[in-house]
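Spelled out from the first residue to the last, the chains are:
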Amino acid sequence: MSTTPTAKRDRVELIALYVVSIVAAFVIAAILVNTSGGSWSKAVEAMINGAFKNPGRWGETLRRAAPLLIVAAGSAIAAKAGIINIGQEGQVLIGATGAAFIMTKIHPGSPLMLILGVLLGMLAGAAWAGISALLYYWRRVPVVLSTLLLVYLSSQITGYTMTRKFLLLEVIEGSPTKIQNSAKTAVNSRLGIMHIFGNNVPLTVPIAIIFAVGVAYMLAHSVWGFRLKMLGLNPRTAQRAGVSHVRFGTMALLTSGAAAGLAGSLMLATGESNYRASSGFAASVGWDGLLVALVARNNPYASIPVALAFASLHTGSNFLAAAGVESVLVDVIRGLLVLALFIPPAVSELRKKRRVLALMTERA
Amino acid sequence: MLAFLGSFGDILANGPLYQSTFRLAAILVFAAVGEWVAERAGTINLSVEAMLLGGHFASAIAYTQTSNFAFSLLVGAIAGVFVSSLQAYLSHYLNADQFGIGLTLNILLLGLVAFLEPNFDLSTKLAGETKIPLLYDIPILGPAMFGQRWPMYLVYAVIPLSWWLLMRTTWGLEVRAVGEDPQAADVTGIHVNARRRHAILYTGLIAGLGGAVYLLGQVGRFESGNIGGKGIIAIAAVIFGGWTLRGAVAGCILFGYVDALRLNLPNIVGHDFNAQLLAALPFLATIVVMLIFAKHTRQPVSLARPFIRGLK
């Protein structure tokens, strides 16, 4: 039934749908800007300047994109196994907090501390996701819900560690310690930054790409990936074939938590919020990373351009205030854009189904 | 030890604590009862948070413009329906991922409200207090349950109405059938995805109303952070209640009580608690409660499974 001309038409149709719905999302955003007294052309210019054109900005965009990609690749692992982990925001934060314990406490740091810190960060992220796995496989609490609840909990718990000196609160001699953040990480436990054409590109960028490609390869070509996919597509068949739901499900969830923790600890190691952890440290990297994975339909390769697009929205938004537009506009654009990216594949599926149905009734 | 028991007694006999329990539970009940209907139809709406916020914000605008309480409540409910129609049509007409849509709507609404808020000079007031005679005189519980501002009493209408709709009407039977076995329902001629959409729209109606009631019957001043996670806790209450209405309402009361404790504990006990840990209390309690109770429940068989005819 799927002859070549139909397949080709489907693809053209899909691309056209993508173009239409993305344009529609931006038009809605433009109308919002203009009706609230701003100028959309100035807003667009500011965003392009903020994301790419101004000196040093595309480096910033890459810096933001790298953790998004890591989080997205991690989400894909859980999603392939049919597990809906939506708590990346909390796992990123807990990962960064975990890393901060090593990176700030041990002075003078050595490069070993970097590795230890990142490892502890991954472990912390995995443990945080592990709570959800435990709750699900032991007590049948849906993973969607527990991961989400843990996001709310994570910022409070991290906030708490920033109020106690024996935990992470920075101790400044002779001044009241009111600022609730950790001390700066030790210089030796920081990750290198490359200087390319006047831009500071942190080493997380190549790490993220390697990570995403690695995950894509493992999912597509390894026994491990095959088992995960089997579990996701049909848990009963998987169980019959010896893929334990509990074991592989838990592992998928732990791995995706560890990826989020990796993203968080690498952010800390490359100087996010001036090498200090705080309860707002994750700065939506978890949410954005999750959305990247959803939009890219859990394909790590496709996540690379999507992560870049989301990152440029974020860095672009930093310049919006100067153009007289509230920077929260970018949250609106991001939401509309994600909805716009959800619609075309769904519409295309629907139309395909209708065509098949029409064909069948014709024959009958 | 005696002091400990004494303060324990203080907590149990504290009138204001019960009053704020009722108030905090009421908002959860609106969201949870709506979400209960949707989950019985086999869908999980993370966007119930966005529906609450939509109702909260829209009713604030409506009240600023008209100063009419009833009208503002209506506008809140309509806003909730609008948000839920996005969830309903995107996830059960187009079959996009329901969690993705729900999460995106939450982010979108929060951004939209934060973006639009400075453009409106919002000024809202609380509705008047109404004491229901006789019932008000019941010790401790009377003032809490029957001495509230009048929009709060809508909660007493919403619970039986939702029960009747889902348990005693043909529509409700079909909604429940769709949540249990969509294939069988489809064969008997029930339009599965239409029923699910209806259920989600009903969730929006009730949650939007809840957001409006929260504004005009309880907080009185709009802030975009007011809703912060209440929708999620309402979803937890539905699961805690084992997908029964009774259980969901009980869950709301329990979580409302914990939230009220968070607000009132420092006053009652006279001891300063760490603010962060107190703020974490409702979420922590939710997780612990789920840990204890979640296993003994039976969920709608097709919960969170999209229905596409011809595909199992």
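Residues numbered from 1 in each chain as written. Chains lettered and ligands numbered in written order. Predicted model: local features only at pLDDT ≥ 70, side-chain atom pairs only at ≥ 80, totals over all residues.

## Let's talk about the overall build of chain A
A count of helices and strands for chain A gives 13 helices and 2 strands. Expected size for 364 residues packed as a compact globule is a radius of gyration near 21 Å; at 22 Å, chain A falls within 12% of this value. Considered along the principal axes of its C-alpha atoms, chain A spans approximately 85 × 60 × 35 Å. By the burial criterion, 54% of the 364 residues in chain A qualify as buried. Put simply, of all contacts in chain A between residues at least 6 apart along the chain, 76% involve residues at least 24 apart. (Helix = DSSP H or I, 4+ residues; strand = E, 2+ residues; numbered from the N terminus. Rg over C-alpha atoms; globule rule 2.2 N^0.38 Å. Buried ≥ 20, exposed ≤ 12 C-beta atoms within 10 Å, placed from the backbone. Contact = placed C-beta atoms within 7 Å.)

## Some thoughts on the pairing of strand β2 (residues 199–202) of chain A
All names here are of chain A. As judged from the 4 bridges shared by strand β1 (residues 193–196) and β2, these two strands associate in the antiparallel manner. When the bridges of β2 are listed, Ile-193 appears paired with Pro-202. Counting the residues between successive antiparallel strands, the hairpin from β1 to β2 contains 2 residues, one of them, Phe-197, with a positive phi of roughly 45°. (Pairing = 2+ DSSP bridges.)

## Regarding the interface of chain A and chain B
One frequent convention defines the size of an interface as the accessible area lost when the parts assemble. In this assembly, 40 residues from chain A lie in contact with 39 residues from chain B. Of all the secondary structure elements, the ones that give two or more residues to the side of chain A that touches chain B are α5 (111–139), α6 (143–161), α11 (285–295) and α13 (329–363) of chain A. No other element matches α13 of chain A, which puts 14 residues into the side of chain A that touches chain B.

## A few points about the nonpolar core
Residues Leu-69 and Ala-307 of chain A together with Leu-28, Phe-30, Ala-32 and Ala-237 of chain B are the most contacted members of the largest nonpolar core, which totals 230 residues. Counting residues domain by domain, this core receives three or more from each of domain 1 (1–54 + 320–364) and domain 2 (56–318) of chain A. In contact with Ala-237 of chain B, other than residues within four places in its own chain, are Leu-28, Ala-32, Ala-248, Gly-251, Cys-252 and Phe-255 of chain B. (Core = buried A, V, L, I, M, F, W, Y, C linked by C-beta atoms within 7 Å. Domains from an automatic or database assignment.)

## Considering the domain arrangement of chain A
Residues and elements named next belong to chain A. We note that the domain assignment places domain 1 (1–54 + 320–364) and domain 2 (56–318) within chain A. Measuring from the centre of the C-alpha atoms in domain 1 to the corresponding centre in domain 2 gives 28 Å. Taken together, the contacts link 14 residues of domain 1 with 14 residues of domain 2. Contributions of two or more residues to the side of domain 1 that touches domain 2 are made by α2 (40–53) and α13. Of all the elements, α2 adds the most residues to the side of domain 1 that touches domain 2, at 6 residues. For the side of domain 1 that touches domain 2, the class distribution of residues is 9 nonpolar, 3 polar and 2 charged. (Nonpolar A, V, L, I, M, F, W, Y, C, P; charged D, E, K, R; others polar.)

## Focus: the packing of helix α8 (residues 170–180) of chain B against helix α10 (residues 192–219) of chain B
All names here are of chain B. The N-to-C vectors of α8 and α10 enclose an angle of 110°; their axes lie 9 Å apart at closest approach. Taken together, the axes of α8 and α10 lie roughly perpendicular to each other. Helix-helix and strand crossings are classified by hand; for α8 and α10 the assignment is left-handed. Here α8 contributes Glu-174, Val-175 and Val-178 to the contact with α10, which in turn contributes Val-192, Arg-195, Arg-196 and Ala-199. (Axes fitted to C-alpha atoms, helices over the stretch in contact; angles between N-to-C directions. Parallel < 35°, antiparallel > 145°, perpendicular 65-115°, else oblique. Left-handed = near helix turned anticlockwise from the far one by under 90°.)

## As for the packing of helix α3 (residues 48–66) of chain B against α10 of chain B
For any two helices packed against each other, one specifies the inter-axial angle together with the distance between the axes. All names here are of chain B. With their axes 7 Å apart at the nearest point, α3 and α10 run at an angle of 50° to one another. One element, α3, and the other, α10, form an angle in the oblique class. When you trace α3 past α10, the crossing you get is right-handed. Packed against α3, whose contacting residues are Val-48, Met-51, Leu-52, Leu-53, Gly-54, Gly-55, His-56, Ser-59, Ala-60 and Tyr-63, the element α10 presents Thr-203, Gly-204, Ala-207, Gly-208, Leu-209, Gly-210, Gly-211, Ala-212, Tyr-214, Leu-215 and Leu-216 at the interface. The class makeup of the residues in the contact of α3 with α10 is 12 nonpolar, 9 polar and no charged.

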